[in-house]
Number of protein chains: 2
Amino acid sequence: MIYVIGIGPGGIKYFTAEAVEAIHDCEFIAGYEKYIKLVQKYFPDKKFMSYSMRQELERCKDVLNIALDQKINIGLISGGDPDIYGMASPILELAKNFKELEIKIIPGLTAANTAAAILGAPLSNDFAVISLSDLLTSWDVIEKRIKAACEGDFVICFYNPGSNTRRENFKRACEIMLIHKNKNTPAGIVKNISREGQEFKITTLDEIKNYEPKMNETIIIGNSFSYIHDDKFITPRGYKI
Amino acid sequence: MIYVIGIGPGGIKYFTAEAVEAIHDCEFIAGYEKYIKLVQKYFPDKKFMSYSMRQELERCKDVLNIALDQKINIGLISGGDPDIYGMASPILELAKNFKELEIKIIPGLTAANTAAAILGAPLSNDFAVISLSDLLTSWDVIEKRIKAACEGDFVICFYNPGSNTRRENFKRACEIMLIHKNKNTPAGIVKNISREGQEFKITTLDEIKNYEPKMNETIIIGNSFSYIHDDKFITPRGYKI
């Protein structure tokens, strides 16, 4: 059995009981070095395989081959939720040539869940989740989605809003949003969720447009009903309060 | 302190360590009767207050008043994630008149996380989350969002796709999607996640259009790259496999 284990944003408090149980059930645990270091701390008796960033396909292939050869339970760690920009899709795509292997996806808290909890209630109506990284999706498609999400008056939750080599995407996203959304629309930034240096800021679309987001940040922009009250970013569900 | 505690879809295995800790830290736990029954099973020593469906505002007001009067820790249970069609928004909206109270949102797995894990990797690119209940959002707005989500080629995850009194909304949603999305677009239904009677079905948009969804179901419709392979619903992340 291969478990693709969502561990949430990083802290052990965000692990589900199912994720803990799956880790216990594995002989080997593979994953990105930063997550492996975290899991190792709490499960020191397991065997681990650490990988650098961007070796996602290599990780998946190794896990599939070892599970097939050694017939043991292996865990593939995925930060956040494996299904949301995580390891579920690449391993299931590669698994087509490994028909006899069973793969179980263990869901985890994704940044949308945890960033929203820190900001208040920003996602409490229909929302769109968009990654601003154009490594795996073309920028044309990303722009089309930002525009469509604005036209639908969705709250928008941005993953991968920026990096050292990718500074323009968020700025361009704000320019598109400012065509459709009011400049006072609430905007929230959450950094390093559940890790050292966790912080958040609640501001407006107009203020955030000059911001240069880095890795490990999640940015949420409200819909036309969202508002800021006492350091909380609130999107009404629609109750008559 | 008021904790708004996301407990995920229902089974204890989906509770995070943080949710368990918060429940331990409370004297009173309030919530919808179905969730209270579940929590009571695992934390029999607590005091509980059960509410019927649709008494969301009453629950919030009671919790705020008791926390203010008695100065104790109270937990308000929210199925799934409090931020995603849950209790975070109504309680923060009502809390404006209770400035001295501290409210902490504890995130939980929402149906998008857990339904996706059961179906495979349907959400593994940008996606939109839309509730088809027109109790709190007007149907015009919902239709506009379905159309916009199609124009952005988002994967769409539908919450509250139907009920005994609301049979036409999902049919109408499919009609709109069939204008924009290929009729062979993968579609997945998940029922009763983590509860008795859990089941799932993977089919196509064309097949699902005559389906009458009930409560406790989550329906995911793919983007133009999604495909079905060996009973898995996969949306590619974009890796060159």
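Residues numbered from 1 in each chain as written. Chains lettered and ligands numbered in written order. Predicted model: local features only at pLDDT ≥ 70, side-chain atom pairs only at ≥ 80, totals over all residues. Heavy atoms only, no water.

S.K.: Is there a simple way to explain the pattern of salt bridges in this structure?
M.R.: Opposite charge on two side chains permits pairing when their charged atoms draw close. The full count for this structure, using the stated rule, is 20 salt bridges over all chains. Between B:Glu18 and A:Lys13 there is a salt bridge, with its nearest N and O atoms 3.4 Å apart. Here the residue B:Glu18 occupies a position in helix H1 (residues 17-24), and A:Lys13 occupies one in the loop between strand E1 (2-6) and helix H1 (17-24), the pair thus bridging two chains. Given the relative accessible area of 6%, B:Glu18 is considered buried. According to the relative accessible area criterion, A:Lys13 is partly exposed, its value standing at 34%. Where A:Glu93 meets A:Lys96, a salt bridge forms, and the shortest distance between an N and an O atom there is 4.0 Å. Since its relative accessible area comes to 9%, A:Glu93 is described here as buried. Of the residues examined, A:Lys96 reaches a relative accessible area of 27% and is grouped as partly exposed. Overlapping salt bridges, with partners in common, bring together A:Lys13, B:Glu18 and B:Lys104 in one network. (Salt bridge = Lys/Arg side-chain N within 4 Å of Asp/Glu carboxyl O. Helix = DSSP H or I, 4+ residues; strand = E, 2+ residues; numbered from the N terminus. Buried < 20%, exposed > 50% of the residue type's maximum accessible area, 1.4 Å probe, protein only.)

S.K.: I tried to follow empty space enclosed by the protein on my own but got confused; where do I start?
M.R.: Taking a probe equal in size to a water molecule and rolling it over the atoms shows the remaining empty space. Tallying each qualifying case throughout the model produces 3 cavities of 30 Å³ or more. Counted as a void, the largest cavity has a volume near 70 Å³. Surrounding the largest cavity, 14 residues form its lining, A:Ile84, A:Phe127, B:Ile84, B:Thr110 and B:Phe127 being those nearest its centre. Broken down by secondary-structure element, the contributors of at least two residues to the lining of the largest cavity are helix H5 (111-119) and strand E7 (127-131) of chain A together with helix H5 (111-119) and strand E7 (127-131) of chain B. The residue makeup of the lining of the largest cavity, split by class, is 10 nonpolar, 4 polar and no charged. Taken as a whole, the second largest cavity spans an internal volume of roughly 50 Å³. What lines the second largest cavity is B:Ser163, B:Asn164, B:Arg166, B:Arg167, B:Glu212, B:Pro213 and B:Lys214. (1 Å grid on protein atoms, 1.4 Å probe; cavity = no way out; pocket = protein on both sides within 12 Å on 5 of 7 lines; lining within 4 Å. Points joined across faces, edges and corners; volume = space filled by probe spheres on them. Nonpolar A, V, L, I, M, F, W, Y, C, P; charged D, E, K, R; others polar.)

S.K.: Teacher, can you tell me more about the sheet that holds strand E6 (residues 120-121) of chain B here?
M.R.: Whenever strands of a sheet pair, they do so through backbone hydrogen bonds, lying parallel or antiparallel. All names here are of chain B. Overall, mixed pairing links the 3 strands, which are arranged E6-E13-E12 in an open sheet. The sheet is open, and its two edges are formed by E6 and strand E12 (227-229), each paired on a single side. Across 2 bridges, E6 lies against strand E13 (residues 232-234) in parallel orientation. Residue pairing across strands places glycine 120 opposite phenylalanine 233, the latter belonging to E13. (Pairing = 2+ DSSP bridges.)

S.K.: Could you clarify how one ought to interpret the packing of helix H6 (residues 139-151) of chain B against helix H7 (residues 168-180) of chain B in this entry?
M.R.: In a pair of packed helices, the angle between the axes and the distance between the axes together describe the arrangement. Residue and element names in this part refer to chain B. Direction vectors running N to C along H6 and H7 enclose 30°, while the axes themselves pass 9 Å from each other. Relative to H7, the element H6 is oriented roughly parallel. Here H6 runs over H7; the crossing is right-handed. Of H7, the residues touching H6 (which contributes Trp139, Glu143, Ile146, Lys147, Cys150 and Glu151) are Asn169, Arg172, Ala173, Ile176, Met177 and His180. (Axes fitted to C-alpha atoms, helices over the stretch in contact; angles between N-to-C directions. Parallel < 35°, antiparallel > 145°, perpendicular 65-115°, else oblique. Left-handed = near helix turned anticlockwise from the far one by under 90°. Contact = heavy atoms within 4.5 Å.)

It is worth stressing that arrangement in space is one thing and function is another; only the former is reported here.
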